[in-house]
Amino acid sequence: MKKKIIGFLFLMIMSIDIYANTLDEAFANAAYEGNIRAGYQNQHPQSDDNVSDDEFALGVKLHFETALYHGLQFGASLFTSMGNGEEGYEGVPFFDENNDNYAILGEVYIKGTFSNTIFILGRQSFDTPFADSDDIGMVPNTFEAYTLINRDFKDTTIFLSQVQKWSGVDSDTPSTFTELNGNKGMQVLGVSYEGWNNTVLSGWFYNLSNEVKITYFEADYEAQTDNYTYGGKVQYSYQDHEDSESSTIYGAAAFFSVKKIGLTTTIAYNRTNGAEADNFFGGGPFLTSAVHNTLREAGPDGNIILYTLEWDASVAGMEELTFVVNIDGHHEDLYHAREYDIGMEYIYSDALNFSAVYSDVDYEEDAFRNLRVFANYSF
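Notes on the overall build of the protein chain
Stage number 1. Helix and strand content of the protein chain: two helices and 19 strands.
Stage number 2. For the protein chain, with 379 residues in total, the buried portion stands at 46%.
Stage number 3. Sequence separation of 24 or more characterises 53% of the internal contacts of the protein chain that already satisfy a separation of 6 or more.
Stage number 4. Counting only carbon and sulfur atoms, one obtains 55% of the accessible surface of the protein chain, whose full area is about 19,000 Å².

Set out below in structure tokens:
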């Protein structure tokens, strides 16, 4: 797959190079952007040694994309993470699998835009239910893939991708691209429809031959009046593992927001019948996911209820400041877990924002408290 992608990109670039002047203009008019992220986290295990660990990191993203020429563009993104890592740290990874600094060319792609169809070939970022960027640390997940996105049908988006490799915060080796399902890769098909008033419907299918087949459906509804915003979501997934037990997953959530006081309340529920749920290649789509625990931690035949309160402090004159509280819990015969989260986000400007979240987590025999703080500057 790697040789095929490199060869294809080479042929594409060589074919464009025939028009050197236009290619020069395409690069001269390229769009550049970047982000600097400072991160800190403290992990305090609730154990006999009662030792508290600290991590500091500075992450940089540099991205460019050429101007459109005959429907084609070339783009790339470099990600780095530098700082101090603690051996055996169990929080959200800031560094590579050896807790070392690293840099990775997370995106290198050719993009073609033709009418209502987009082709993206190479290393790229996308967000789907079971393969997503999950940008919760210093470097997000990215994927080496052939991807097609089509919008020929009214209010409908079709997503089709052959995914070969991935890297990033959720992978076992964040600093390198590793194969998905050997050289067979993963096939992804998704269809989203927004033609119904205030409603989005989507269906997804993932195939990792001889490993697992994943089906996912979701319906999302949201509406508002002058004083309130309200809505809900339902989800269903079937994860059919080869030569092992499979799982059926149900989920529902409802939220209600009072604009005058800036308060939004949400209650969500997930249930697994069969083997434990899996997030696969990202943070997962489950409605009850907290900062650390997800439906996966509920185990086989598990369930979770998540309560969330969100307050927009702009109603009290503190513009662009938001507070969030999560209460997450599940308890089965073999599995026990619960989590409390308190978070805030402050958007100082379009270029600068801050966030922090404190979590108190209990999962089986593993209990800890974690504080994460981020500052992001975009340019």
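Continuing now.
Looking at the nonpolar core
Stage number 1. Counting residues in hydrophobic clusters, the biggest one holds 26 residues, and the most contacted among them are V163, M186 and F281.
Stage number 2. When sequence neighbours within four positions are dropped, the list of residues in contact with V163 reads F126, F143, E144, A145, L180, G185, M186 and V188.
Stage number 3. Among the nonpolar cores identified, the runner-up in size contains 10 residues, and A57, I104, V139 and F374 belong to it.

Observations regarding unusual backbone geometry
Stage number 1. In the Ramachandran plot, H70 falls in the positive-phi region, its phi being about 50° despite a non-glycine side chain.
Stage number 2. Tracing the backbone shows H70 in the loop between β2 (53–65) and β3 (72–84).
Stage number 3. If you check the backbone angles, D134 has positive phi at about 45° while not being a glycine.
Stage number 4. Judged by relative accessible area, which is 15%, D134 ranks as buried.

Overview of the pattern of salt bridges
Stage number 1. All told, the structure shown has eight salt bridges when counted by the stated rule.
Stage number 2. Linking K233 and D220 is a salt bridge whose minimum nitrogen-to-oxygen distance equals 3.7 Å. On the criterion of sequence distance, the pair formed by K233 in strand β12 (residues 228–241) and D220 in strand β11 (residues 212–224) is long-range, its members being 13 residues apart.
Stage number 3. With a shortest N-O distance of 3.2 Å, D360 and R338 are connected by a salt bridge.

Quick look at the side chain of S257
Stage number 1. Tracing the backbone through its elements, the reader meets S257 in strand β13 (residues 247–258).
Stage number 2. In this structure S257 comes out as buried when scored by relative accessible area, which is 10%.
Stage number 3. Here the side chain of S257 touches T264 through a polar contact of 3.0 Å, side chain to side chain.
Stage number 4. Apart from the residues within four sequence positions on either side, S257 is in contact with N227, Y228, T229, L263 and T264.

Let's talk about the environment of D170
Stage number 1. The residue D170 is located in the loop between β7 (156–167) and β8 (178–179) in this model.
Stage number 2. Judged by its relative accessible area of 28%, D170 is partly exposed.
Stage number 3. Taking the C-alpha atoms as reference points, D170 and S133, separated by 37 residues in sequence, lie 8.9 Å from one another.
Stage number 4. Apart from residues no more than four positions distant in its own chain, D170 is found in contact with D134, N141, G282 and G283.
Stage number 5. Polar side-chain contacts of D170 include one of 2.7 Å to the side chain of N141.

Digging into a negative patch on the surface
Stage number 1. The grouping of E310, D312, E319, E320, E345 and D350 at the surface amounts to a negative patch.
Stage number 2. Note that E320 resides in the loop between β15 (303–312) and β16 (321–331).

Description of the pairing of strand β18 (residues 352–363)
Stage number 1. Taken together, the 11 bridges between strand β17 (residues 336–347) and β18 define a ladder with antiparallel strand orientation. Of the residues in β18, the one forming a bridge with Y346 is F354.
Stage number 2. The turn joining β17 and β18, which pair antiparallel and follow one another in sequence, is formed by four residues.
Stage number 3. Strand direction decides the pairing type here: β18 and strand β19 (residues 366–378), joined by 12 bridges, are antiparallel. Directly across from A356, in β19, lies its bridge partner V373.

What counts and how
- Residues numbered from 1 in each chain as written.
- Predicted model: local features only at pLDDT ≥ 70, side-chain atom pairs only at ≥ 80, totals over all residues.
- Heavy atoms only, no water.
- Helix = DSSP H or I, 4+ residues; strand = E, 2+ residues; numbered from the N terminus.
- Buried < 20%, exposed > 50% of the residue type's maximum accessible area, 1.4 Å probe, protein only.
- Contact = heavy atoms within 4.5 Å.
- Areas by Shrake-Rupley, 256 points an atom, 1.4 Å probe, with all protein chains shown as cover.
- Core = buried A, V, L, I, M, F, W, Y, C linked by side-chain atoms within 4.5 Å.
- Salt bridge = Lys/Arg side-chain N within 4 Å of Asp/Glu carboxyl O.
- Polar contact = N/O pair within 3.5 Å; in protein donor to acceptor, adjacent residues only side chain to side chain.
- Patch = residues over 30% accessible without salt bridge, like charges linked within 9 Å, V, L, I, M, F, W, Y side chains within 5 Å.
- Lys, Arg positive; Asp, Glu negative; His and termini not counted.
- Charge placed at Lys NZ, Arg CZ, Asp CG, Glu CD.
- Pairing = 2+ DSSP bridges.

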